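Structure assessment
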Amino acid sequence: MNEAFGRPGRIPTWTSGAKSCVGTSAGLTSRLWFTSSQGIINEVYYPRIDTANMKDAQFLVSAKDFFSEEKTGTHHHLERLDPWAPAFRMTNTCLSNRYRIRKEVITDPERNVLIQQVEFQPLIGTMQDYSLFTLISPHIANSGFGNHAWVGEYNGIPMLFAARDSVYLAVMCSTHFSARSAGFEGSSDGWQDISQHNQMTWAYTSASDGNVALTGQIILPPDGRFTLATAFGSTAEEAAQQAYESVLKGYDACLKEYVEEWKEQTKPFRDLSAFSGDQGELLRSSIQVFLSHQDKRIQGGSVASLAFPWGDAQTADGNCGGYHLVWPRDLVQTAIARLALDDMQGARHILLYLASIQAECGGWHQNNWLDGRPFWDSVQLDETAFPIILAWRLQHAGALEDFDPWPMVRRAAAYLARTGPVTQQERWEENGGYSPSTLAAAIASLICAADMAADKEEHSLAEYLVGVADWWASNIDAWTYTTNSLLDPEIPAHYERLNTIVVVEPDRCDPNQGVIPIRNLSPDMPSEFPARDVVDNGFLQLVCYGIRSPQDPHILNSIMVADKVLKQELPAGPCWHRYNHDGYGEQPNGDPFRGWGVGQAWPLLTGERAHYELASGNEEEARRLARTMEIFAGDCSLLPEQVWTLCDIPEKGLFLGKPSGSATPLVWAHAEYVKLLRSIADGQVFDMIPIVASHYRNGPPTTRNVWRFNHKVSSTQIGEPLRIEVFAKARLHWSSDNWNTVMHENMIDSGLGTSYIDIPTATLEIPTNIDFTFYWIDSGKWEGTDFVVRVLGYPRHI
């Protein structure tokens, strides 16, 4: 036979996001990463960590009148080969107890080769009664479309090949293949053949330009042991040579090097296991997760997860980034966790990487490929704030070496100051507006940037940045604290998730008004809700950074409401949903998320709550919640994005309190856990920024009002600072007595692309108006319109 039939094959997808293990070598030579779930190999990444090249690889077993596939036809058991390395043994036992497959999985530290050391064991009958096949689904360069598969030889050794673009895959068995075939998935692949005939009857030599699959029959030795090597290269010959060399080198030698590399790589990390509840098991796994999610060519680049959330429902067409993308938020959380582990070098590499991909505007894209190309190009203000905080922390840790982050920080601070306080998207990436969590990160970062400006002797800029931070800090409650919520009749006042009323006149941005659209709910459900009645736990970040006291009455009110609405007690302990009405999760019947579903609980939010408890002086509760996170990680010691909170659905792998099909592991969740251990060790929140906490130690600052063309306050109270600010050089003409007396003042250049004047209000007679207009210096023209801010005489209360 020659070309397989059925081109292009079924629509390609990825695998479930719930991984049981991820791995790679600790060194830089091998640029290969693997994932696994359901006892089989899933996505394999090469040559960068953002490039998947395989959907899955499993074994098929046949005998007379018998067929079984490893993924669905066995019970799965996973164990670590060594606690200090992501090396794993998978034991898959036939559901009808006819056979067992035991395989150990690592990568060759010296080559781009995935190695499976396999033992096939008949439990009924003899070795001669069975046939064993490998079935591989290439999805090269992030796509299941346009792949080419063929069978061939390398120096007389039978191999399986696949390619797309300039990436080549080669598969070799140490005992060789007795039969091989290349086909199209769903029509001429090996599964179709063997499931129908209990043996290989097709022997297609190629399958071109489609969703392809490779099948090889293993020559089983008497002891059932063999090595399967899957290699990648820039040519078919290179991939084949690498596979062969790894087989010649031998699995035992590869495993020894693999484990030794990992032990050496993780030796410098701070040991926080004494503060864990599992003897450091999740801590060790978290360190492995951090290192297994960073790229080896692009230093400092790290992805959010090596998983495709609900990948089995996502078309593998190259346009689905999954979570193997860079999110600045997740990346900085990882860097801060590495600081908590005394890994200054790793954190510095991340900062250097972030500086290299900073956008021209001064911010960072929502997420991007490793080389800096945006995937989604929205800008979230907290993702612009976090790199500033990281730079400040590294500077004060004396860990910057020769790198000067000030140019990056200056540009980022300028973008924040010009663009805020409204964010295009908040941290849940679905809506824009005034967000407590975004404002917390932005305020903290501006105070950090001001401190760095002072170090550079840019004192006027430092004063300006503190002024912007105080403007936002003094208005958080006016913008995001509702007093008319219906969630709890006894507590009508609390922070809301997001105030979506974004108008030019901020006086109209009443948190008691407006609606929030939720885009991930079932089409037959309401999709808009009063913003005052939608909450999350983002307000805890105000405490985390030191902007609000943990005993602030507004914080305490908000905790009670959020717990009533979002908290769920699970067998391991409490966990919290992102926000009420969240639809980012499986559908109620357990089907994958396809644009809508039911949001489940997020373990990282248990970590955030633990940090709040520690800030409140409740160390015992913080330790309990840390233990809860350890239980959420399960036998695999991997923290999921979400845990299932509904009734068990065994046939879909969903169990109460266990990982859902979203993404496991989530690096952000592991970072939150590591920071929590360090916080417990220190007796204080590791994220707390001393200069921020010191600045706001006496509570919120006096309310400041700022008039801008995109933020036109219509009134202020007597004694409250009023700033007029524009985005060009200008002369301000203003009056407080109906233009009878006119002040002419050149506006002050902030140095960040804005100009401003502070107008004193304390001595004005009230009520009165401040009338003003502008003369634009560069164009030599008048604005031609008068504006007004009314000064009132009653105090502001929230």
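The structure this text deals with has already been given above.
These lines cover the structure that appears in this document, whether it is placed above or below. What you see is a predicted model, and the numbers here were worked out from it, not measured in a lab. As a convention, each chain's residues are numbered from 1 in the sequence order in which they are written. Note on the predicted model: pLDDT of at least 70 is required for a residue's local features to be given, and 80 or more for side-chain atom pairs to be given and counted; whole-chain, interface and lining totals, by contrast, use all residues. Side-chain calculation: all heavy atoms of the structure are included, whereas hydrogens and water are not.

This next bit is on the overall build of the protein chain. The number of helices and strands found in the protein chain is 16 helices and 36 strands. The C-alpha radius of gyration of the protein chain comes to 29 Å, within 12% of the 28 Å expected for a compact globule of 798 residues. Dimensions of the protein chain, computed from C-alpha atoms along their principal axes, come out at roughly 105 × 55 × 50 Å. Residues classed as buried in the protein chain amount to 63% of the 798 residues present. Only heavy atoms enter the contact rule, under which two residues are in contact if any of them lie within 4.5 Å. Of the contacts formed within the protein chain by residues at least 6 apart in sequence, a portion of 69% connects residues at least 24 apart. All accessible areas in this document rest on Shrake-Rupley with a 1.4 Å probe, and a residue is counted as covered only by the protein chains that are shown. If you sum the accessible surface of the protein chain, you get close to 28,300 Å²; carbon and sulfur atoms cover 49% of it. The positive charge centre, built from 63 side chains, and the negative charge centre, built from 96, are 2 Å apart in the protein chain. Numbering of helices and strands runs from the N terminus; a helix is a DSSP stretch of H or I covering at least four residues, while a strand is a stretch of E covering at least two. The globule rule used for comparison is 2.2 Å times the number of residues to the exponent 0.38, while the radius of gyration itself is calculated over C-alpha atoms. The buried label goes to any residue with under 20% of its type's maximum accessible area, the exposed label to any with over 50%, and the partly exposed label to all in between, with areas taken from a 1.4 Å probe on protein chains only. Working convention for charge: Lys and Arg count positive, Asp and Glu count negative, and His plus the chain ends are omitted. Lys charges are placed at NZ, Arg charges at CZ, Asp charges at CG and Glu charges at CD.

What follows is about the packing of aromatic side chains. Classification of ring pairs uses Phe, Tyr and Trp, with its six-membered ring standing for Trp, and accepts pairs whose centres are within 6.5 Å; under 30 degrees between planes counts as stacked, over 60 as edge-to-face, and the remaining range as tilted. Throughout the structure, instances matching the rule amount to 38 aromatic pairs. Between Phe 709 and Phe 774, the aromatic rings sit 5.6 Å apart at their centres with planes inclined by 45°, giving tilted as the arrangement. You can see Phe 709 sitting in the loop between β27 (705-707) and β28 (715-717) and its partner Phe 774 sitting in strand β34 (residues 768-776), a full 65 residues away along the chain. On the basis of relative accessible area, Phe 774 is assigned to the buried category, the value being 0%. What links up through ring pairs into an aromatic cluster is the set Trp 707, Phe 709, Phe 772, Phe 774, Trp 776 and Phe 787. By definition here, charges over rings are those cases where NZ of Lys or CZ of Arg is within 6 Å of the ring centre and within 35 degrees of the ring normal. Lying over the aromatic face of Trp 33, Lys 296 brings its terminal NZ or CZ to 5.6 Å of the ring centre. Note that Arg 723 overlies the ring of Tyr 756, its terminal NZ or CZ placed 4.1 Å from the centroid.

Under this scheme, a helix contributes an axis fitted over its contacting stretch, all axes are lines through C-alpha atoms, and angles between N-to-C directions fall in the 0 to 180 degree range. Between helix α9 (residues 436-455) and helix α10 (residues 459-480), the least distance of the axes is 8 Å, while the angle of their chain directions is 165°. What the angle tells us is that α9 and α10 run roughly antiparallel. Between α9 and α10 lies a crossing whose hand is left-handed. Listed contacts from α10 to Pro 436, Leu 439, Ala 442, Ile 443, Leu 446, Ile 447, Ala 449, Ala 450, Ala 453 and Ala 454 of α9 are His 459, Leu 461, Ala 462, Leu 465, Val 466, Val 468, Ala 469, Trp 472, Ala 473, Ile 476, Trp 479 and Thr 480. With respect to orientation, any angle under 35 degrees is reported as roughly parallel, any angle over 145 as roughly antiparallel, any angle of 65 to 115 as roughly perpendicular, and every other angle as oblique. Left-handed describes a crossing in which the near helix is turned anticlockwise from the far one by less than a right angle; the clockwise case is right-handed.

Cavities and pockets were defined on a 1 Å grid built from protein atoms only: a cavity is a group of points that admits a 1.4 Å probe but offers it no way out, a pocket is an open group of points flanked by protein on both sides within 12 Å along at least five of seven lines, and a lining residue is one with an atom within 4 Å of any such point. Grid points are joined across faces, edges and corners, and a volume is the space filled by probe spheres set on the points. A full pass over the atoms with the stated rule returns four cavities of 30 Å³ or more. Here the largest cavity defines a volume of roughly 120 Å³. Lining the largest cavity are 14 residues, with Gln 333, Phe 386, Arg 427, Gln 541 and Glu 608 sitting closest to its centre. Looking at the lining of the largest cavity, the elements with two or more residues in it are α5 (328-340), α7 (381-396), α9 and α15 (667-682). Per element, the largest residue contribution to the lining of the largest cavity is three residues, and it comes from α15. Throughout this entry, Asp, Glu, Lys and Arg are counted as charged residues, while Ala, Val, Leu, Ile, Met, Phe, Trp, Tyr, Cys and Pro are counted as nonpolar. The remaining residues, Gly among them, count as polar. Along the lines of polarity and charge, the residues of the lining of the largest cavity split into four nonpolar, three polar and seven charged. In this structure, the second largest cavity occupies an estimated 80 Å³ of space.

Salt bridge, as applied in this entry: a Lys or Arg side-chain nitrogen positioned within 4 Å of an Asp or Glu carboxyl oxygen. A full pass over the atoms with the stated rule returns 51 salt bridges. Between Asp 404 and Lys 456 there is a salt bridge, and its shortest N-O distance comes to 3.0 Å. Taken together, the residues Asp 404 in the loop between α7 and α8 (406-419) and Lys 456 in the loop between α9 and α10 connect sequence positions 52 residues apart. Glu 430 is the salt-bridge partner of Arg 497, the closest N and O atoms lying 3.7 Å from each other.

On to α8, then. A rise of 1.5 Å per residue sets the reference length of α8, with its 14 residues, at 20 Å; its end C-alpha atoms lie 20 Å apart and thus fit the reference within 8%. For α8, every residue scored as buried is listed here: Trp 406, Met 408, Val 409, Ala 412, Ala 413, Ala 414, Tyr 415, Leu 416 and Ala 417. Where α8 is buried, its residues touch α6 (344-356), α7, α9 and α10. Given a helix with a known number of residues, its expected span is that number minus one, times 1.5 Å.

All right, on to the sheet that holds strand β29 (residues 722-726) then. What makes two strands pair is DSSP finding at least two bridges between them. Ordered by their spatial adjacency, four strands build an open sheet running β27-β29-β33-β32, and the pairing between neighbours is mixed. With partners counted over all chains shown, the strands left at the sheet margins are β27 and β32 (748-749), one partner each.

Turning our attention to the layout of surface pockets. A volume near 680 Å³ is recorded for the second largest pocket. Lining the second largest pocket are 28 residues, and of these Tyr 323, Trp 327, Trp 376, Glu 429 and Tyr 584 lie nearest its centre. Elements with a minimum of two residues in the lining of the second largest pocket: α5 and β19 (374-376). Taken together, the residues of the lining of the second largest pocket sort by class into 14 nonpolar, six polar and eight charged.

For the rest of this paragraph, the subject is the environment of Leu 78. You can see Leu 78 is positioned in strand β6 (residues 74-82). In this structure, Leu 78 is in contact with Ser 20, Cys 21, Phe 88, Arg 89, Met 90 and Cys 636, ignoring residues within four places of it in sequence.

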